[in-house]
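Chain and residue survey
This is what each chain is made of:
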There are 2 protein chains.
Amino acid sequence: MIGDRPPGSSEPSRREQIYRVAGRLFSERGYHATSMRDLAAELGIQGGSLYAHISGKEELLSEIVQRAARQFDEALFSLRTEDLTPQERLREAMSRHLTVIAENMETATVFFHEWKHLSPEPLSAVISWRDGIEAFYRELIAQGVEAGVYRLDLNIKMAANLVLSSVNWAYTWYRPGGQLSPQDVAASFEQMLLSGLEQPVLEKPIREKK
Amino acid sequence: MIGDRPPGSSEPSRREQIYRVAGRLFSERGYHATSMRDLAAELGIQGGSLYAHISGKEELLSEIVQRAARQFDEALFSLRTEDLTPQERLREAMSRHLTVIAENMETATVFFHEWKHLSPEPLSAVISWRDGIEAFYRELIAQGVEAGVYRLDLNIKMAANLVLSSVNWAYTWYRPGGQLSPQDVAASFEQMLLSGLEQPVLEKPIREKK
DNA sequence: CCTACCGATCGGTAGG
DNA sequence: CCTACCGATCGGTAGG
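Read on for a plain summary of the structure.

Cut-offs and rules
- Every chain is numbered independently, its residues counted from 1 as its sequence is written.
- Chain letters start at A and ligand numbers start at 1, both assigned in the order the entries are written.
- In keeping with the model being predicted, local features are shown solely for residues with a pLDDT of at least 70 and side-chain atom pairs are shown and tallied solely at 80 or more, while totals for entire chains, interfaces and linings include all residues.
- To obtain the side-chain values, all non-hydrogen atoms of the structure were included, while hydrogens and water were left out.
- Here the aromatic set is Phe, Tyr and Trp, taking the six-membered ring for Trp, and pairing holds for ring centres within 6.5 Å; pairs whose planes are under 30 degrees apart are stacked, those over 60 apart are edge-to-face, and all others are tilted.
- Each helix is a run of H or I in the DSSP string that is no shorter than four residues. Each strand is a run of E no shorter than two, and both are numbered from the N terminus.
- Throughout, exposure labels follow a simple rule: accessible area from a 1.4 Å probe, protein chains only, divided by the maximum for the residue type, with under 20% read as buried, over 50% as exposed, and the rest as partly exposed.
- Cation placement over rings: the criterion is NZ of Lys or CZ of Arg within 6 Å of the ring centroid and within 35° of the ring normal.
- Helix axes use the C-alpha atoms of the stretch in contact, all axes being lines fitted to C-alpha atoms, and the angles between their N-to-C directions lie in the range 0 to 180 degrees.
- Geometric relationships in this document are graded by angle, where less than 35 degrees denotes roughly parallel, more than 145 denotes roughly antiparallel, 65 to 115 denotes roughly perpendicular, and other angles denote oblique.
- Helix crossings get a hand from a simple test, with the near helix turned counterclockwise from the far one by less than a right angle marking a left-handed crossing and a clockwise turn marking a right-handed one.
- Between two residues, a contact is recorded if the distance between any of their heavy atoms is within 4.5 Å.
- Note that Gly is not counted as nonpolar here; it falls among the polar residues with everything else outside the nonpolar set of Ala, Val, Leu, Ile, Met, Phe, Trp, Tyr, Cys and Pro and the charged set of Asp, Glu, Lys and Arg.
- Copy-to-copy superposition: least squares on the C-alpha atoms, limited to residues that have pLDDT of at least 70 in both copies.
- Salt bridges are defined as contacts in which a side-chain nitrogen from Lys or Arg sits within 4 Å of a carboxyl oxygen from Asp or Glu.
- To be near a molecule or strand, a residue needs just one of its heavy atoms within 4 Å of it.
- For the purposes of these results, a polar contact is taken to be a pair of N or O atoms within 3.5 Å, where, inside protein, one atom must be able to donate a hydrogen and its partner to accept one; residues adjacent in sequence count only when each atom of the pair is a side-chain atom.

Quick look at the packing of aromatic side chains now. Within this structure, the stated rule accounts for 24 aromatic pairs over all chains. Residues Phe 111 of chain A and Trp 129 of chain A carry aromatic rings whose centres are separated by 5.0 Å and whose planes lie at 90° to one another, so their mutual orientation is edge-to-face. Of the two residues, Phe 111 of chain A is situated in helix α5 (residues 105-114) and Trp 129 of chain A in helix α6 (residues 120-146); the sequence distance between them amounts to 18 residues. Using a relative accessible area of 13% as the deciding quantity, one classes Trp 129 of chain A as buried. Plain terms: the ring middles of Phe 111 of chain B and Phe 112 of chain B are 5.5 Å apart, the flat faces sit at 65° to each other, and that makes the pair edge-to-face. Cluster of aromatic residues (ring-pair linked, three or more members): Phe 72, Phe 111, Phe 112, Trp 129, Trp 169 and Tyr 171 of chain A together with Phe 72, Phe 111, Phe 112, Trp 129, Trp 169 and Tyr 171 of chain B. The ring of Tyr 31 of chain A has Lys 57 of chain A sitting right over it, with the charged end atom 4.7 Å from the ring centre.

If you want to describe how two helices pack, look at the angle between their axes and the distance between the axes. Residues and elements named next belong to chain B. Contact geometry for helix α4 (residues 86-103) and helix α8 (residues 182-195): axes closest at 8 Å, N-to-C directions at 140°. One element, α4, and the other, α8, form an angle in the oblique class. Crossing of α4 over α8 shows right-handed handedness. Along the contact surface, α4 presents Gln 87, Leu 90, Arg 91, Met 94, Ser 95, Leu 98, Thr 99 and Ala 102, while α8 presents Pro 182, Gln 183, Val 185, Ala 186, Ala 187, Phe 189, Glu 190, Leu 193 and Leu 194. Residue composition of the contact of α4 with α8, by class: 11 nonpolar, four polar and two charged.

Here chain B sits on chain A after a turn of 180° about the axis and a move of 0.0 Å along it, with an RMSD of 0.0 Å. One copy is carried onto the other by what is essentially a two-fold rotation axis. Closest to the rotation axis within chain B is the C-alpha of Gly 196 of chain B, separated from it by 1.8 Å. Of all interface residues in chain B, 100% are interface residues in chain A too; the two copies therefore contact each other through one and the same surface.

This part takes up the pattern of salt bridges. Pairing of side chains with opposite charge becomes possible as their charged atoms draw close. Residues and elements named next belong to chain B. Per the counting criterion, the structure on display carries 22 salt bridges over all chains. Glu 42 is the partner of Arg 24 in a salt bridge, and the nearest nitrogen-oxygen pair spans 2.8 Å. Of this pair, Arg 24 sits in helix α1 (residues 14-29) while Glu 42 is found in helix α2 (residues 36-43), placing the two residues 18 residues apart along the sequence. The partly exposed category is assigned to Glu 42, whose relative accessible area is 39%.

What follows covers the protein's contact with DNA strand C. In the region of DNA strand C, 15 residues are neighbours, and Met 36, Arg 37 and Tyr 51 of chain A together with Gln 46 and Ser 49 of chain B sit closest. Of all atoms in DNA strand C that approach within 4 Å of the protein, 56% are sugar or phosphate atoms. Thr 34 of chain A has a polar backbone atom sitting 3.3 Å from a phosphate oxygen of DNA strand C. Within the side chain of Arg 14 of chain B, a nitrogen or oxygen atom sits 2.8 Å from a phosphate oxygen of DNA strand C. Tallied by class, residues from the surface near DNA strand C come to four nonpolar, seven polar and four charged.

What follows is the structure, encoded as structure tokens:
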């Protein structure tokens, strides 16, 4: 049993290498446009040799998508029990959500573009996951409304939609290594979302009716 | 020359039928996962017969993506010369942008997912298009800042990013035929974006320092 | 628009 | 992990 993988080594196992390269190629070319021979060539081996490590192409996609979902879950769901104000909680959720995407741009791209190509079981798992994330954000916002910090007339579904749009779309434009950290983006988005783009009209006197 | 296409007929030409079915299949299965035989079968003809009407698979993708870009351009760029307040202009832009997506969900999906698979010339055209749209929204927002209706400390790039996120992401969740019209979504998003989610603190008295 | 076909490439396997 | 190979399917064409 010893020696199957380098135990104290920092090198990823061959299997891990395959997942990583697959994630990159799938994000660049798309799942169906990437052949197993393309993938093998990037790893310096023959196409058939991949099957000593993995069971098939579908497993690669399924694993990449499931890992992405798990990363979001691990980043976000612990927030439920943390003692924060509603605004802090929302900001923290956006920040972590953006961080997962920013630190895994390739995986995020595969996740958002290729999940529809999964076979039925992992496909339905992803759909359930998406429902769970939407419910999570709706809950965050509903808590803020109940606490009286968000507008009482908020359409919670649409507000959650807006927040999710702002963080998810980042996979198309965010540039890791650029000037903006995921926290910067989250702070900027959250400020705009909470306070609005509009200049508030200050000290407007109460006027007599017409 | 007469009779090439039914002149007064409302039936689309075969070529148009091919584009429409291709748009649907590409959006459902992805470009590379759709074979020309799949497409032909949907039209009730043989695979090879497609080539009497089109030059190749790439032309289909290129045409679908370019049409989508044109639809956005036609909907949005006329706004530049219309006499509206900055808020009206932004709301109208979001409304039209969402309408293009809502009324062409399949095309929008192909547009956002498959443009990377274009050959170099149409690919660079799409990239230029995207730059143009970003500039358009930044300009809309900058005008509002100059007019004093948006916050002076707005990060215009990020604000445009936020607006674009909110409208573009709709291709993933909007359901045509549901309760919400694109105008409803635009009104809801615009209200939240301009005024913010937060309950404004009204009549807060000016306090003495500490 | 069909029949018949082209070379290329696909995911995957057997046997070593 | 390689060699050699499988059947299936791909985009596209010739000739009608």
